[in-house]
Amino acid sequence: MYYVTIAATKYADCPEYRGAELKVPAVRALVQDAMERARVPVDGEYRMITFRGWPDFLRERLARTEADVQEVNFLAGRVRQMDQEEISRYEGVLACIETERRGHECSIKDLINATVNLEYFDFLPGILKDTDLGENALDGDFLRILQDLPDEVITLMDPAKVGAYLRHSEKGAFTREGYCFRSKEGWQEIYDGQEVPLLEPETKTFLSVRVEERDHPEKGDGWFLLPCRSTDMASLWSFLSTPCLSGYRILEVSSMIPAFEEHIGPDEDMEALNELAGRVAEMTQEELVKYKAVLEFDGWKSVERSLWIAERLDDYVFDPGQISYAGYGRECLENLGVDCSDPAFERFSFYQFGMEQYEAAGMKLTAYGSVSLDREPELSETQEDDLQMGGCAYQTM
């Protein structure tokens with residue numbers, strides 16, 4: 001599994017800021033969620049500061065190259081499809097490209113396009129230096145090439161010199177696992193450096209569930225995209241043969257809200273999920289970020305509670321600019337006119353002070369920013385009005 005950590009440039013001087021980690025490849029909704037957790041402003045600048053789980057040769061190059069998260073996300077999808085043999089060859093292809101360019105390192109465009117050009121290169125595992133390459137050639141694997149060697153080299157029959165000659169003549173390159181060289185001409189491009197291709201059709205919706213009938217799993221399962229109209233909900237009951245809660249089971253959940261995927265269980269009420277999806281679908285992007293923060297603030301309790309929160313977002317105060325307890329501690333002191341750079345504060349725990357101030361104010365720091373109650377919400381969780389839903393679709397498997 002591959003991960004990248006996204007960090008907003010505006011917080012580069014904040015020692016407590018850690019950015020947000022994203023598992024890649026990811027659909028665009030989850031990339032957007034990571035940008036929100038990293039507090040990257042709309043059209044704001046950011047960088048990727050760590051690449052966890054990547055092969056060393058890619059991690060090192062990605063750390064030095066200029067790329068955006070969508071490019072790295074697409075690259076992760078391409079590399080994930082490779083087996084270990086192909087990854088070793090891929091490393092060799094990159095080394096060959098850089099050899100042909102006299103050491104000029106591959107750009108993100110090159111890294112992406114190289115994934116579809118492995119067929120134009122051969123890779124010899126275990127050949128790690130010129131001597132290995134020369135010995136391999138002298139054993140007969142490169143007899144045709146040896147026929148073209150100058151007489152003085154053939155006379156010497158020095159494996160290191162033979163290997164060096166072959167490597168220079170075919171612009172080959174060594175990696176930590178073997179030797180790679182171009183075996184035929186050709187080069188394909190799937191990325192022009194401008195428009196990043198989609199890995200696959202986007203599947204994240206406000207809320208989608210895959211369900212099956214408990215007593216008759218042999219009938220297969222189906223994906224239902226929520227919210228949906230009452231007429232489309234009827235098709236769900238028809239598919240399941242029963243509208244009873246005990247008659248179906250939720251097998252999988254897909255949503256642009258991570259908490260839904262994590263917490264919605266197999267026995268949830270479909271009507272409640274449909275109403276919840278309808279509420280979420282009405283939210284603006286800013287409200288959606290606040291909703292995710294409030295869900296974390298409140299702690300997951302139930303689908304009904306999540307619907308109740310969706311209807312009462314105005315009861316909460318959300319500040320996406322808050323990124324750490326220590327930063328808030330400094331802010332509180334500076335608002336009182338305190339100079340936090342004074343040597344007297346050298347060993348002062350701004351983190352501890354900030355946590356105490358958060359607790360005193362009834363605030364909680366979430367992955368999206370700080371949240372607190374502006375006023376006590378109504379205690380009733382009863383939902384009084386039915387929601388008029390948007391379109392629905394489902395697929396049977």
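Residues numbered from 1 in each chain as written. Predicted model: local features only at pLDDT ≥ 70, side-chain atom pairs only at ≥ 80, totals over all residues. Heavy atoms only, no water.

A.B. asks: I'm lost on the overall build of the protein in this one. Help?
C.D. replies: Helices and strands together make up the secondary structure of the protein, namely 16 helices and 13 strands. Burial status across the protein gives 47% buried among its 397 residues. By sequence separation, contacts in the protein at least 24 residues apart represent 71% of the contacts at least 6 residues apart. For the protein, the accessible surface area stands at approximately 21000 Å², while carbon and sulfur atoms represent 47% of it. (Helix = DSSP H or I, 4+ residues; strand = E, 2+ residues; numbered from the N terminus. Buried < 20%, exposed > 50% of the residue type's maximum accessible area, 1.4 Å probe, protein only. Contact = heavy atoms within 4.5 Å. Areas by Shrake-Rupley, 256 points an atom, 1.4 Å probe, with all protein chains shown as cover.)

A.B. asks: What is the right way to read the pattern of salt bridges from this model?
C.D. replies: Between side chains of opposite charge, pairing is possible as soon as their charged atoms come close. Enumeration according to the criterion identifies 25 salt bridges in this entry. Between Asp-56 and Arg-59 there is a salt bridge, with its nearest N and O atoms 3.0 Å apart. Taken together, the residues span about one helical turn, with Asp-56 and Arg-59 both in helix 2 (residues 56-64) at a distance of 3 residues. Taking the relative accessible area as the measure of exposure, Arg-59 reaches 32% and is therefore partly exposed. One salt bridge connects Glu-311 with Arg-279, and the closest N-O pair in it is separated by 2.9 Å. (Salt bridge = Lys/Arg side-chain N within 4 Å of Asp/Glu carboxyl O.)

A.B. asks: Looking at this structure, I do not really get the environment of Val-196. What am I missing?
C.D. replies: Within the fold, Val-196 resides in the loop between strand 6 (178-182) and strand 7 (207-213). Spatially, the C-alpha atom of Val-196 lies 6.3 Å from that of Glu-71, the residues being 125 residues apart in sequence. Excluding residues that lie within four positions of it along the chain, Val-196 makes contacts with Arg-28, Gln-70, Glu-71, Phe-74 and Tyr-191.

A.B. asks: In this structure, what is going on with the sheet that holds strand 10 (residues 316-319)? I would like to understand it.
C.D. replies: Paired through backbone hydrogen bonds, the strands of a sheet run either parallel or antiparallel to each other. Strand order in the open sheet made by the 3 strands is 10-12-11, with antiparallel pairing throughout. The open sheet has two free edges, formed respectively by strand 10 and strand 11 (363-366), since each of these has just one partner strand. The average angle at which neighbouring strand axes cross in this sheet is 25°, direction not considered. Looking at chain direction, strand 10 and strand 12 (residues 369-373) are connected through 4 bridges and run antiparallel. Paired with Asp-319 across the strands is Ser-370, a residue of strand 12. In this fold helix 13 (residues 285-298) packs onto strand 10, strand 11 and strand 12, with an angle of close to 110° to the strand it touches most, strand 10. (Pairing = 2+ DSSP bridges. Axes fitted to C-alpha atoms, helices over the stretch in contact; angles between N-to-C directions.)

A.B. asks: Looking at this structure, I do not really get the pairing of strand 12. What am I missing?
C.D. replies: Here is the key point about a regular strand: its side chains alternate between the two faces of the sheet. The buried count for strand 12 comes to 4 of 5 residues, which makes it a mostly enclosed element. Relative to strand 12, strand 11 runs antiparallel, the two sharing 4 bridges. Across the sheet, residue Lys-364 finds its bridge partner in strand 12, namely Val-371. Joining the antiparallel neighbours strand 11 and strand 12 is a turn of 2 residues.

A.B. asks: Looking at this structure, how should I read the sheet that holds strand 2 (residues 20-24)?
C.D. replies: Within the open sheet, the 3 strands sit side by side as 2-1-3. Their pairing is antiparallel. With partners counted over all chains shown, the strands left at the sheet margins are strand 2 and strand 3 (46-52), one partner each. The average undirected angle you get between the axes of adjacent strands in this sheet is 30°. Examined bridge by bridge, strand 1 (residues 2-8) and strand 3 share 6 bridges and lie antiparallel to one another. In the sheet register, Tyr-3 faces strand 3, and the bridge partner there is Arg-52.

A.B. asks: Explanation requested: the confidence of the model for the protein in the structure shown.
C.D. replies: The predicted structure's coordinates, where accompanied by low pLDDT, should not be read in detail. With 85% of its residues at a pLDDT of 70 or more, the protein has an overall mean of 86. Here residues 380-397 is a poorly scored stretch, pLDDT under 50, and it has 49 contacts once near neighbours within four places are set aside; other chains count. (pLDDT = per-residue confidence, 0-100.)

A.B. asks: Whenever I open this one, the side chain of Glu-212 confuses me. Can you help?
C.D. replies: Residue placement: Glu-212 occurs in strand 7. According to the relative accessible area criterion, Glu-212 is buried, its value standing at 10%. At a separation of 2.5 Å, a polar atom in the side chain of Glu-212 contacts the side chain of Arg-249. (Polar contact = N/O pair within 3.5 Å; in protein donor to acceptor, adjacent residues only side chain to side chain.)

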